[in-house]
Amino acid sequence: MFKVKYFEAIRTAAVIVIALIIAFLIISLVSDQPVKTIGIFLLEPLSTKGHIGNVIEMAIPLMFTGLAVSLLFRANMFNLGAEGIFYFSGVVASVLAIHLSLGGWLHPLVAIAAGSIVGALLSAVPGILKAKWNANELVTSLMFNNILFGVGLYLLNYHLRDAKAFANVSFKFEKTAQLSKIFPGTRIHTGLIIVLVLIVLAHLFLYRTKWGYELRMTGANREFARYSGMKTAKVIILVHLIAGFIAGMGGSVEVLGMYSRFQWTSLPGYGLDGALVAMLAKNNPLSVIASALFLAYIRIGADLMARLSDVPSEMISIIQAVIILLISAEQFLKFWKNRMLLKEAKEA
Amino acid sequence: MNSLLNVILTTDFAFSVLRVTTPILFAALGALISNRAGIINIGMEGIMLVSALTGVIVSAYTHSAWVGLLGAVLSGTLIAGILAFFTLKFKTHIILGGVAINMFASGGTVFILYLLSGDKGSSTSLASKVLPSVEIPLLKDIPVLGPILSGHHILTYLSILSVLVVYYLLNRTPLGLRIRSVGENPHAAQSVGVSVIKIQYTALLLSGFFASLGGAYMSMGYLSLFTRDMVAGRGWIAIAAESMGRSTTVGTALTSLLFGAADALANALQVLKIPAELIATLPYVATVIGLIIYAVSETRKKNKKLKTTTSK
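Note that the structure is a prediction, hence the values are computed from the model and not measured.

### Thoughts on the overall build of chain A
In terms of regular secondary structure, chain A is built from 15 helices and zero strands. Taken as a whole, chain A presents about 14900 Å² of accessible surface, with 67% of it coming from carbon and sulfur. When the 30 positive and 18 negative side-chain charges of chain A are each reduced to one mean point, those points stand 8 Å apart.

Right, dumping it as structure tokens:
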């Protein structure tokens, strides 16, 4: 069993290596100085304290949505609604950050709580539709993304917009609402601590509680779970509530931690990236940390590359597509696993 | 309210409904074929985007709109082929495969656009060609119908023709029969000697073919250039139209028209003082409502069947 146990890890590593090779190939085709450009892409994120900070700052929202999506995927729910919820909860938290005045730590707490609860309620809708009437949660959640974006943009343009600023941005948040920075010289904020705690809690929930067990069983085989007496409809609604709560908290934390006013005029994309993070993490809460850091690292690498060389940062979306296709490909390297199994069987 | 009626009850409005329905209809027909073979192709959006860009690039370099169209169709079908290869051969999850295609397309098109034109927003610097619009003789002289039905883009007529073609393909040809049988019961189809994989490959390639016609229309008809993310959710609306149309050709065509009307209405409503941001959500709200109605009625039907069988 020893080698086969590590098969998934080796496979993930192989996918990442292939994706990086493709990245190098694209860079060599496009860039005038391919070696220098690859160097920037790979090493520049580590070059200064600020850049390392950038990687961690970007990993925070990815951890939130990655965690939310991995719980949904674990329950075998193909719901991509974290995208819209992340955005809309950001708007909700901004409203409270602008219009409320509360002392100290209470202000962000209230704003984040509001964003999280709104996120949970919004997420429950596709969940209830799925659990009660088997409506395809993928399509409803994707439609919800567009609806939430439209409503959020409307709120920004008609109710929150600061006419004095020469851009489509909201009024400034109250100083008391913003999350404090925890590492001097970077913009890493207390959201990091919040998300790490959340990840540990999710891990305990999934593997140490009865609800978590029911969630995993429902995901593995809904029919079987139902026949063994679990209320799968309740499980499906519960996982939607939790995932929406986490995604909503992510949007609120991101807005209050990174910005001084609300300024997203398009969906920020962290929800769909969350699906990628969840897949890389094999839907394991603790692995979400590493996969979010990896994705943030190549993102920041691509951004720096776009700034310092002649290759545009959009290259990274090609790499991400390759990673998704190969990671979710059950048959990829399967022949190798089979050969290993055969060998081990013979040895035994 | 009066000004709204004045806008809607015009031949211009009816004309614009057909104009905005075209890309949705093409993609919905594509979604129909793959769904009938038991595969949800959610890469529609990405396929449309890639073919829209390829149409612009190829037509700009060859100075021919028709070669551009050919390029668009080939590229879109190729993307569908890649998706088919991964899902059928490597067993990539079809939904995640679709997500990958969309992710690839939204960034990849900007990447290629930037390399070729130095611009990340639109293809203004590429001298791309546009496919012609067609006046239909005799028809164009009929009052009311003429201004509505004549003078459309050639791909709009092709999309209407495609409804008939897809209907014939699915219901009257051996291939259509195989596609439907694979979708309904792959094991049974396999046991009578139908190659499930081959049929699913064919269905996915056909879905890519129709989606890419929709994409080509976006950049060589609806607009005369490529702009980033120009498909703007039409691929998703097409998937919703197919599922609201209950996977029948006629139903899919009619719901596509409904979404086209909602879209055109959203454009027309801008004369009223309703915020554009909210109006833009209308097609999606309509989709959710449609899906709920469908899901509820399906569940009721199933429960009724269950009750009658148990009471026996």
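### Re the overall build of chain B
When its secondary structure is counted, chain B shows 14 helices and two strands. For a compact globule of 312 residues, the expected C-alpha radius of gyration is about 20 Å, and chain B comes in at 20 Å, within 12% of that figure. Taking all 312 residues of chain B together, the buried fraction comes to 53%. Residue pairs at least 24 apart in sequence account for 74% of intrachain contacts in chain B once pairs closer than 6 positions are excluded.

### Remarks on the nonpolar core
Note that soluble globular proteins tend to have their nonpolar side chains buried in a common cluster. Counting residues in each nonpolar core, the largest one holds 193 residues, and the members touching the most others are Phe41, Phe73 and Met315 of chain A. Filtering out sequence-adjacent residues up to four positions away, Phe41 of chain A remains in contact with Leu20, Ala23, Phe24, Ile27, Ile298, Gly301, Ala302, Met305, Met315 and Ile316 of chain A.

### Looking at the UniProt feature "transmembrane region" (unreviewed entry) in chain B
All names here are of chain B. What UniProt calls "transmembrane region" (unreviewed entry) maps, in this numbering, to residues 13-32, 39-61, 67-88, 95-116, 154-170, 201-220 and 278-297. Annotated as 100% helix and 0% strand, the span residues 67-88 places its first and last C-alpha atoms 31 Å apart. Between the end C-alpha atoms of residues 201-220 there is a gap of 28 Å, over a span that is 100% helix and 0% strand.

### Comments concerning the side chain of Thr249 of chain B
Residue placement: Thr249 of chain B occurs in helix H12 (residues 249-268). Thr249 of chain B sits in the buried class, given a relative accessible area of 5%.

### Examining the interface of chain A and chain B
Size of an interface: often given as the accessible area lost when the parts come together. On the chain B side, the residues contacting the 45 residues of chain A number 40 residues. Summing both partners gives a buried area of about 3700 Å² for chain A against chain B, and 82% of it is carried by carbon and sulfur. One can count two salt bridges joining chain A with chain B. Run the count over chain A and chain B and you get five residue pairs in polar contact (both at pLDDT 80 or more). Contributing elements (two or more residues each) for the side of chain A that touches chain B: helix H2 (7-30), helix H6 (106-133), helix H7 (137-160), helix H12 (270-280) and helix H14 (315-327) of chain A.

### Some points on a nonpolar patch on the surface
All names here are of chain A. On the surface, Ile182, Phe183, Ile193, Val197, Val200, Leu201, Leu204 and Leu286 cluster together to form a nonpolar patch covering roughly 670 Å² of accessible area. With five residues, helix H8 (residues 191-208) is the single largest residue contributor to the nonpolar patch. By the element assignment, Leu201 lies in helix H8.

### Examining the environment of Ile318 of chain A
Here Ile318 of chain A lies in helix H14. Judged by relative accessible area, which is 12%, Ile318 of chain A ranks as buried. Once the C-alpha coordinates of Ile318 of chain A and Ile22 of chain A are considered, the two residues, 296 residues apart in sequence, prove to be 9.0 Å apart. Leave out the neighbours within four places in its chain, and Ile318 of chain A touches Ile26 of chain A together with Phe104, Gly108 and Phe111 of chain B.

### Section: unusual backbone geometry
Positive phi, normally seen in glycine, also occurs at Asn283 of chain A, with a value near 60°. Considering the arrangement of structural elements, one finds Asn283 of chain A in the loop between H12 and helix H13 (285-308). Even without glycine at this site, His63 of chain B takes up a positive phi of about 60°. With respect to the helices and strands, His63 of chain B occurs in the loop between helix H3 (44-62) and helix H4 (65-89). Given a relative accessible area of 58%, His63 of chain B falls into the exposed group.

### Points about the pattern of salt bridges
All names here are of chain A. Under the criterion given, the structure shown has eleven salt bridges over all chains. In this structure, Glu8 and Arg11 form a salt bridge, with 3.7 Å as the shortest nitrogen-oxygen distance. Within this pair, Glu8 and its partner Arg11 are both found in helix H2, separated by three residues, close to a single helical turn. The class of Glu8 is partly exposed, set by a relative accessible area of 34%. Across the salt bridge formed by Arg226 and Glu223, the nearest N and O atoms sit 3.1 Å from each other. Of this pair, Arg226 and Glu223 both sit in helix H10 (residues 222-227), separated by three residues, roughly a single helical turn. We classify Glu223 as partly exposed; its relative accessible area is 40%. Members of the salt-bridge network, linked through shared partners, are Glu8, Arg11 and Lys282.

### Here's the deal with the packing of aromatic side chains
Counted according to the given criterion, the structure contains 14 aromatic pairs over all chains. The interplanar angle of 65° and the centroid separation of 5.3 Å between the aromatic rings of Tyr87 of chain A and Phe149 of chain A together place this pair among those described as edge-to-face. Linking Tyr87 of chain A in helix H5 (residues 82-99) with Phe149 of chain A in helix H7, this pair joins segments that are 62 residues apart in sequence. We classify Tyr87 of chain A as buried; its relative accessible area is 0%. Counting every residue linked through ring pairs, the aromatic cluster contains Phe86, Tyr87, Phe149, Tyr259, Phe262, Trp264 and Tyr270 of chain A. One cation-aromatic arrangement involves Lys120 of chain B over Tyr114 of chain B; the distance from NZ or CZ to the ring centre is 5.5 Å.

### Re the UniProt feature "transmembrane region" (unreviewed entry) in chain A
Residue and element names in this part refer to chain A. As annotated by UniProt and renumbered to match this structure, "transmembrane region" (unreviewed entry) occupies residues 12-31, 51-73, 85-102, 108-129, 138-156, 188-207, 235-256 and 315-333. A helix fraction of 100% and a strand fraction of 0% characterise residues 108-129, whose end C-alpha atoms lie 32 Å from each other. As annotated, residues 138-156 has a helix share of 100% and a strand share of 0%, and its two end C-alpha atoms lie 27 Å apart.

### Topic: helix H7 (residues 154-172) of chain B
All names here are of chain B. Given a rise of 1.5 Å per residue, 19 residues ought to cover 27 Å, and the 26 Å separating the end C-alpha atoms of H7 matches this to within 8%. Bending of H7 peaks at approximately 25° at the position of Leu161. Those residues of H7 that fall on the buried side of the exposure criterion are Leu155, Thr156, Ser159, Ser162, Val163, Val166, Leu169 and Leu170.

### With respect to the packing of H7 of chain A against helix H11 (residues 234-244) of chain B
In contact at an axis separation of 11 Å, H7 of chain A and H11 of chain B are set at 140° when each is read in the N-to-C sense. It follows that H7 of chain A is oblique to H11 of chain B by the angle criterion. Seen along the crossing, H7 of chain A lies across H11 of chain B with a hand that is left-handed. Here Val139, Leu142 and Met143 of chain A of H7 of chain A come into contact with H11 of chain B, specifically with Trp236, Ile237, Ile239 and Ala240 of chain B. Here the contact of H7 of chain A with H11 of chain B is built from residues that sort into seven nonpolar, no polar and no charged.

### A word on H12 of chain A
In an α-helix there are 3.6 residues to a turn, and that puts residues three or four apart on one side. Residue and element names in this part refer to chain A. The buried count for H12 comes to ten of eleven residues, which makes it a mostly enclosed element. Residues of H12 that are buried include every one of Tyr270, Gly271, Asp273, Gly274, Ala275, Leu276, Val277, Ala278, Met279 and Leu280, and no others. Remark: Lys282 follows H12 within two positions and exhibits a positive phi of approximately 55°.

Rules behind the numbers
Residues numbered from 1 in each chain as written. Chains lettered and ligands numbered in written order. Predicted model: local features only at pLDDT ≥ 70, side-chain atom pairs only at ≥ 80, totals over all residues. Heavy atoms only, no water. Helix = DSSP H or I, 4+ residues; strand = E, 2+ residues; numbered from the N terminus. Areas by Shrake-Rupley, 256 points an atom, 1.4 Å probe, with all protein chains shown as cover. Lys, Arg positive; Asp, Glu negative; His and termini not counted. Charge placed at Lys NZ, Arg CZ, Asp CG, Glu CD. Rg over C-alpha atoms; globule rule 2.2 N^0.38 Å. Buried < 20%, exposed > 50% of the residue type's maximum accessible area, 1.4 Å probe, protein only. Contact = heavy atoms within 4.5 Å. Core = buried A, V, L, I, M, F, W, Y, C linked by side-chain atoms within 4.5 Å. UniProt positions renumbered as here; feature names shortened; annotations may be inferred. Buried area = accessible area lost by both parts, 1.4 Å probe. Salt bridge = Lys/Arg side-chain N within 4 Å of Asp/Glu carboxyl O. Polar contact = N/O pair within 3.5 Å; in protein donor to acceptor, adjacent residues only side chain to side chain. Patch = residues over 30% accessible without salt bridge, like charges linked within 9 Å, V, L, I, M, F, W, Y side chains within 5 Å. Phe/Tyr/Trp six-rings, centres within 6.5 Å; stacked < 30°, edge-to-face > 60°. Lys NZ or Arg CZ within 6 Å of the ring centre and 35° of its normal. Expected span 1.5 Å × (residues − 1). Bend = angle between axes of the 7 residues up to and from the residue. Axes fitted to C-alpha atoms, helices over the stretch in contact; angles between N-to-C directions. Parallel < 35°, antiparallel > 145°, perpendicular 65-115°, else oblique. Left-handed = near helix turned anticlockwise from the far one by under 90°. Nonpolar A, V, L, I, M, F, W, Y, C, P; charged D, E, K, R; others polar.

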